[in-house]
Amino acid sequence: MTEQPAHRADLRIDVDALRHNVALLAERAQRSGARTMVVVKSDGYGHGAEVVARAALDAGASALGVAAIGEALRLRAAGITAPLLCWLHVPGDDFDAAVAADVELAASSAAELDAIATAAHARSRVAKVHLKIDTGLSRNGCPPELWPALVERAAKAQASGVLEVAAVWSHLACADEPGHPSIDAQAARFQDAYEQARAAGLTPIRHLANSAALLTRPDLHFELVRPGIAAYGLDPVPHAGDHGLVPAMTFRSEVVLTKRVGPGESVSYGHLWTADRECTLALVPVGYADGVPRNLSGRMDVWLAGRRRPVVGRVCMDQLVVCCDDDPVAVGDEVVLFGPGEQGAPTAAEWADKLGTIHYEIVTGMFRPRVTRTPTEVAT
Ligand SMILES: Cc1ncc(COP(=O)(O)O)c(C=O)c1O
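The chain is annotated in an unreviewed UniProt entry as Alanine racemase from Saccharopolyspora gloriosae. Reading the Cofactor (unreviewed entry) entry of the UniProt record for the chain gives the comment "pyridoxal 5'-phosphate". Quoted verbatim from the Sequence similarities (unreviewed entry) field of the UniProt record, the comment on the chain reads "Belongs to the alanine racemase family."

Below, the structure is given as structure tokens:
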């Protein structure tokens, strides 16, 4: 017996859009003299880390950033040789493997710095370390009161030849709220930390800006910027103007059944929707198991047969129903659940607004067991 495909929907990843976005971001960074590190953590924000990494490097990024050493090693195993920074370590992390694979490592504490130095010594390598200062986000990063000691320790380790302090860096809490006072406060602490590193004889580059700061604060570009979400075409500061980004992910399925129902007929669990006239219903074989939030029941549209149409009744685990009035829809017609939003079709940002969350959470959660992911490109 041949194995039956289980997929019911597809994530189309528009590689040309990824390239377009990264080229646009890298050009803005370049105007300030900064290079661009594209953040591909969490499997490239759900788009596929390797595909995004290659597109980003093609389009002008000079480095990549990830959270976990495993993510970095997977990119190396795929043949990606570009500079690669990894920043969120957990107990038991294999710094040895990271150093051996030439992965640059963040250090937020003396313990992390020492562990990296030990791995580099064992491998007879010079580890590239990015010292992270906590300027006010209060997640990882070295607290300012411990910074002088960390810098001194790093300078000693650098002098002994086991590591090179490549950068001083930090992360902003409220860059997506341009004008928020914390941005300048963090920038001032960042400058202090950098000056202390310089005073200790180090010559690191600086990086601070995520997508929102890249788009709104050119004065904070320094030598390197670290955009994530904007590379995927999702705008973290949509109220600050049109930045020309193109969403790269389209979530699509197709009609698998149509039927006519008369007035008074109700649809799906709980009978939340009842037809007030005769109409055609289209069944789409995707549900909350495939990433369509049940919470959008009764308040989402899809793009089908040339226009937006409402999903009616509850979104179920495996299926949802679309009201198509009297329009001719047929089995096999494409259904776009979200995408770049051309002609007013739904977008991931629209889902996020309705759900009271951010588009980051939508796209990073879309790759599911019954959903395929297909990179597409026109340009060669
Ligand atoms: C340390 C760090 N830098 C940069 C980014 C990219 O941020 P954004 O996706 O908002 O551009 C992230 C993402 O959360 C991050 O954790």
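### Overview of the sheet that holds strand E10 (residues 249–254)
Pairing within the open sheet is mixed, and its nine strands lie in the order E11-E14-E17-E16-E15-E18-E10-E1-E19. This sheet does not close on itself; its edge strands, each paired only once, are strand E11 (257–261) and strand E19 (371–376). Ignoring which end each strand starts from, the neighbouring axes of this sheet average 35° apart. Alignment of strand E15 (residues 301–304) against strand E18 (residues 334–338), held across two bridges, turns out to be antiparallel. The residue bridging Trp303 from the neighbouring strand is Val336, located in E18. Strands in contact with helix H1 (residues 15–31) are strand E1 (9–14) and E19; relative to E1, the strand with the most contacts, it is inclined by about 40°.

### Some words on the packing of helix H3 (residues 49–58) against helix H4 (residues 69–77)
Packing of H3 against H4 brings their axes to within 10 Å, and their N-to-C directions diverge by 65°. One way to sum up the angle between H3 and H4 is to call them roughly perpendicular. Both H3 and H4 take part in a crossing whose hand is right-handed. Across from Ala49, Glu50 and Ala53 in H3, the residues of H4 making contact are Glu71, Arg74 and Leu75. A breakdown of the residues in the contact of H3 with H4 according to their chemical character gives three nonpolar, no polar and three charged.

### Details of the pairing of E10
When you tally the buried positions in E10, you get five out of six residues, the bulk of the element. Strand direction decides the pairing type here: E10 and E18, joined by four bridges, are antiparallel. Residue Arg252 lies in a different strand from E18, and its bridge partner there is Val336.

### Some remarks on the UniProt feature "active site" (unreviewed entry) in the chain
Residues given the UniProt feature "active site" (unreviewed entry) here are Lys41 and Tyr269. Judged by maximum C-alpha separation, these annotated positions cover 229 residues in sequence and are scattered in space, the widest gap reaching 37.4 Å. With respect to the secondary-structure elements, Lys41 resides in helix H2 (residues 41–45). Judged by C-beta crowding, with 19 C-beta atoms within 10 Å, Lys41 ranks as partly exposed. Ignoring anything within four residues of it in the chain, the contact list for Lys41 reads Gly65, Val66, Ala67 and Glu71. As for its placement among the helices and strands, Tyr269 is situated in the loop between strand E12 (266–267) and strand E13 (273–274). Residues within four places of Tyr269 in sequence aside, it is in contact with Arg314 and Cys316.

Cut-offs used in this document
Residues numbered from 1 in each chain as written. Predicted model: local features only at pLDDT ≥ 70, side-chain atom pairs only at ≥ 80, totals over all residues. UniProt positions renumbered as here; feature names shortened; annotations may be inferred. Pairing = 2+ DSSP bridges. Helix = DSSP H or I, 4+ residues; strand = E, 2+ residues; numbered from the N terminus. Axes fitted to C-alpha atoms, helices over the stretch in contact; angles between N-to-C directions. Contact = placed C-beta atoms within 7 Å. Parallel < 35°, antiparallel > 145°, perpendicular 65-115°, else oblique. Left-handed = near helix turned anticlockwise from the far one by under 90°. Nonpolar A, V, L, I, M, F, W, Y, C, P; charged D, E, K, R; others polar. Buried ≥ 20, exposed ≤ 12 C-beta atoms within 10 Å, placed from the backbone.

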